[in-house]
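# A structural walkthrough
Spelled out from the first residue to the last, the chains are:
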Amino acid sequence: FARVREAVSRPAAGSQPARAWVLPADARWEELTFDFVADEVINVRFRGDTRRFEPEHLGMKNQKNGRPTLQWTLLQQMAVGGGQVAWTDRAATDRIKKQKQALSDRLTAAFGIEKDPIDWNDESGAYVARFVLQASGLRS
């Protein structure tokens, strides 16, 4: 029944995603591992369980053209950057703050963990993911 529950919990096309994965109330971002296994596929691991997600499952697919949103692209860039994106990175632009906030909002909605999933680190001058972020299937 796990597959049926997962299919039913996915949002309808064009809607704001509900929960992509209902985690326990005590879940923390630090317990999650996100691994891009392909350009539009990410495996998320939590306490020994792994689930596969695509941009639409996390509310990161443009409904007009069917392509991943800028939030998905930012998440990919952070994965390639070892879980962070710095102002000195090519990917960092003036709009990064807005995209970072939108990405944080999408991840919070998808996984239900209230704390911000991406922190600013003054020392490194970068946004850093609280969760482990890998890019095993992405081209650098």
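These lines cover the structure that appears in this document, whether it is placed above or below. (Residues numbered from 1 in each chain as written. Predicted model: local features only at pLDDT ≥ 70, side-chain atom pairs only at ≥ 80, totals over all residues. Heavy atoms only, no water.)

Our focus in this paragraph is the side chain of Gln-76. Assignment of secondary structure puts Gln-76 in helix α2 (residues 70-80). When sequence neighbours within four positions are dropped, the list of residues in contact with Gln-76 reads Phe-36, Asp-39 and Leu-138. (Helix = DSSP H or I, 4+ residues; strand = E, 2+ residues; numbered from the N terminus. Contact = heavy atoms within 4.5 Å.)

What follows deals with the pattern of salt bridges. A complete count under the given rule lists nine salt bridges for this structure. In this structure, Arg-130 engages Glu-30 in a salt bridge whose closest nitrogen and oxygen atoms are separated by 2.8 Å. Linking Arg-130 in the loop between β6 (126-129) and β7 (132-134) with Glu-30 in the loop between α1 (2-9) and β1 (32-38), this pair joins segments that are 100 residues apart in sequence. Between Glu-54 and Arg-52 there is a salt bridge; the shortest N-O distance is 2.6 Å. A residue is classified by how much of its surface remains accessible, and Arg-52, at 43% relative accessible area, is partly exposed. Several salt bridges share partner residues, and in doing so they unite Arg-28, Glu-30, Asp-119 and Arg-130 into one network. (Salt bridge = Lys/Arg side-chain N within 4 Å of Asp/Glu carboxyl O. Buried < 20%, exposed > 50% of the residue type's maximum accessible area, 1.4 Å probe, protein only.)

This paragraph deals with the sheet that holds strand β5 (residues 118-121). The three strands are arranged β4-β6-β5 in an open sheet whose pairing can be described as antiparallel. The sheet terminates laterally at β4 (84-86) and β5, the two strands that pair on one side only. This sheet shows a mean twist of 20 degrees between the axes of neighbouring strands, independent of strand direction. Strand direction decides the pairing type here: β4 and β6, joined by three bridges, are antiparallel. Counterpart to Gln-84 in the pairing with β6 is Val-128. Running at roughly 95 degrees to β4, α2 makes contact with β4, β5 and β6 of the sheet. (Pairing = 2+ DSSP bridges. Axes fitted to C-alpha atoms, helices over the stretch in contact; angles between N-to-C directions.)

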